[in-house]
Amino acid sequence: MDSTEEREPKSLSPPQIHTDTSASDEEKFEDASSKDFNEKAVDELIREVTGLHPAGDSGTLQKNNTSSSSDHTDKFVDCRSDPDGSDEDITEEVAQPEEAEPGSVTERKACEDEDYVDDKMQAEWEESLPEQEKLDNKERADELKAKGNELFKEGDYEKSAKMYTAALRLCPVRYAAERSILYANRAAAKTKLNFKPSAIADCTKAIQHNPKYLKALLRRATLYEEADKLDESLEDFKQILELDPSNAEARAAQQRLPPKIQERNEALKEEMVGKLKDLGNMILRPFGLSTQNFELKQDPSTGSYSVNFKSGK
């Protein structure tokens, strides 16, 4: 999600899925009402709804447009042909796609390309839509979210994330709370898939739409800590305590993280001093000196350091 080619928005409207979405889900996953879910219909639906994305090709699921293989399976990863294969004989059988390892750089990049959503461009595109079409898109987005929740509960996190992406591309940007939940749900699916940097980005999007969304803040704080971004994690936990002073997980983090941050900073300082000494010795060596000929003193009142030459025999 880390530029996209701007293209005129397509007018193609996605086919409707007749699904009962009367149950309220608010900030949690809920059961979708339709149990006779057809995977082929889902794939067709996503191909249709992603065509509405104002950013053009960069917002579509590219592999759904080209693959017709009977054993094709949906992945976040783009498939690549064997780079060593010869293309001299065009009738030669195409090599089987090579799958990226889960959580690899290749897979994360493919994930980011496929689930790209530009809220600003979508808002500009929606300005030209009739009010009724916006309401219809909101209803379809709710149906897609319900399907995504059902897939998540079934453990199909890849298709679940794709459903949330399709819903985001339909849900009008004026529905901030609903889009916040969609981003948070997609972050949960990506966390299960080990797409943690992308999950953090989705949590951030959810928080931007709803700064008081505790579930998104808590998930991002946890992901930050797992990524060794301790300062960012602590800031999120502090914000959680401001919103919910009784939150046990945030209270425990405020006790756990400061010592870890101090330990990390001390290790970084020692590493920096060691590198500076090595550099100093390299510079002083031609003059018959070393850093041992100098004394480093810290001013207790200011914390600053001074370097003094040590006189000796």
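All residue numbers refer to positions counted from 1 along the written sequence of the respective chain. Given that the model is predicted, a residue must reach a pLDDT of at least 70 before its local features are reported, and side-chain atom pairs must reach 80 or more before they are shown or counted; all residues, however, enter totals for whole chains, interfaces and linings. Excluded from the side-chain calculations are hydrogens and water; all other atoms, namely the structure's heavy atoms, are used.

### Brief notes about the packing of aromatic side chains
To keep it simple, the criterion reads: Each Phe, Tyr or Trp ring, with Trp reduced to its six-membered ring, pairs with another whose centre is within 6.5 Å; inter-plane angles below 30 degrees give stacked pairs, above 60 give edge-to-face pairs, and intermediate values give tilted ones. Note on classification: 1.4 Å probe, protein chains only; a residue is buried when its accessible area is under 20% of the maximum for its type, exposed when over 50%, partly exposed between these limits. Over a ring means this: the NZ of a Lys or the CZ of an Arg is within 6 Å of the ring centre and within 35 degrees of the ring normal.
With the rule as written, the count across this model stands at one aromatic pair. With 5.1 Å between their ring centres and 65° between their planes, Phe 152 and Tyr 157 make a pair best called edge-to-face. The class for Phe 152 is buried, based on a relative accessible area of 13%. Taking the relative accessible area as the measure of exposure, Tyr 157 reaches 22% and is therefore partly exposed. The side chain of Lys 138 reaches across the aromatic face of Tyr 175, ending 5.2 Å from its centre.

### Points about the pattern of salt bridges
Rule in force here: A side-chain nitrogen of Lys or Arg and a carboxyl oxygen of Asp or Glu constitute a salt bridge if their distance falls within 4 Å. Per the convention used, a helix needs a DSSP run of H or I reaching at least four residues, while a strand needs a run of E reaching at least two, with both numbered from the N terminus.
In the structure shown here, the tally under the stated rule is 13 salt bridges. Put simply, Arg 186 and Asp 202 hold a salt bridge, and the shortest N to O gap is 2.7 Å. Of this pair, Arg 186 sits in helix α7 (residues 176-192) while Asp 202 sits in helix α8 (residues 196-209), placing them 16 residues apart in sequence. With respect to class, Arg 186 is no different from Asp 202; both count as buried. The salt bridge partner of Glu 225 is Lys 260, with a shortest N-O separation of 3.4 Å. One end of the pair, Glu 225, is in helix α9 (residues 214-226); the other, Lys 260, is in helix α11 (residues 248-284), with 35 residues separating them in the sequence. When its relative accessible area of 18% is taken as the criterion, Glu 225 is described as buried. The partly exposed category is assigned to Lys 260, whose relative accessible area is 34%. Connected via shared salt-bridge partners are Asp 115, Arg 186, Lys 190 and Asp 202.

### Remarks on the environment of Lys 229
For Lys 229, the position within the fold is in the loop between α9 and α10 (230-243). Classification of Lys 229 by relative accessible area gives partly exposed; the value is 40%. Expressed as a C-alpha distance, the spacing of Lys 229 and Ile 261, which sit 32 residues apart in the sequence, is 9.4 Å.

### Considering helix α5 (residues 131-153)
Side chains that are three or four residues apart share a direction in an α-helix, a result of its 3.6 residues per turn. To be explicit about the condition: A helix's residues, less one, multiplied by 1.5 Å, set its expected span.
Relative to the 33 Å expected for 23 residues at 1.5 Å per residue, α5 spans 34 Å between its end C-alpha atoms, a close match to the ideal helical length. Directly beyond the C-terminal end of α5, a positive phi value near 90° is found at Gly 155.

### Considerations on the layout of surface pockets
Worth spelling out the cut-off: Cavities and pockets were defined on a 1 Å grid built from protein atoms only: a cavity is a group of points that admits a 1.4 Å probe but offers it no way out, a pocket is an open group of points flanked by protein on both sides within 12 Å along at least five of seven lines, and a lining residue is one with an atom within 4 Å of any such point. Grid points are joined across faces, edges and corners, and a volume is the space filled by probe spheres set on the points. Residue polarity follows a fixed list, in which Ala, Val, Leu, Ile, Met, Phe, Trp, Tyr, Cys and Pro are nonpolar, Asp, Glu, Lys and Arg are charged, and the others, Gly among them, are polar.
Taken as a whole, the second largest pocket spans an internal volume of roughly 330 Å³. In this structure, the second largest pocket is lined by 13 residues; those nearest its centre are Lys 277, Thr 291, Phe 294, Leu 296 and Val 307. Within the residue set of the lining of the second largest pocket, elements represented by two or more residues are α11 and β1 (294-298). The biggest single contributor to the lining of the second largest pocket is α11, with six residues. By residue class, the composition of the lining of the second largest pocket is seven nonpolar, three polar and three charged.

### Topic: α8
Compared with an ideal rise of 1.5 Å per residue, which puts 14 residues at 20 Å, α8 spans 20 Å between its outermost C-alpha atoms and is within 8% of the ideal. Burial in α8 covers these residues: Ser 198, Ala 199, Ile 200, Asp 202, Cys 203, Ala 206 and Ile 207.

### Observations concerning unusual backbone geometry
At Asn 194, a residue that is not glycine, the phi angle is positive and equals roughly 70°. For Asp 228, which is not glycine, the phi dihedral falls at a positive 65°. Along the chain, Asp 228 turns up in the loop between α9 and α10.

### Things to note about the pairing of strand β2 (residues 305-309)
For clarity, the threshold we go by: Each pair of strands is called paired provided DSSP finds at least two bridges between the two strands.
When β1 meets β2, the two strands line up antiparallel, connected through five bridges. Looking at the pairing, Leu 296 lines up with Val 307 of β2.

### Thoughts on the confidence of the model for the protein chain
The cut-off we apply is this: Confidence of the predictor at the level of single residues is given by pLDDT, which spans 0 to 100. The contact criterion used throughout is that any non-hydrogen atoms of two residues lie within 4.5 Å.
Looking at the protein chain, pLDDT values average 73 and 63% of them are 70 or higher. Confidence over residues 1-38 falls short of pLDDT 50; this stretch has 84 contacts with residues more than four positions distant or in other chains. Here residues 52-100 is a poorly scored stretch, pLDDT under 50, and it has 83 contacts once near neighbours within four places are set aside; other chains count.

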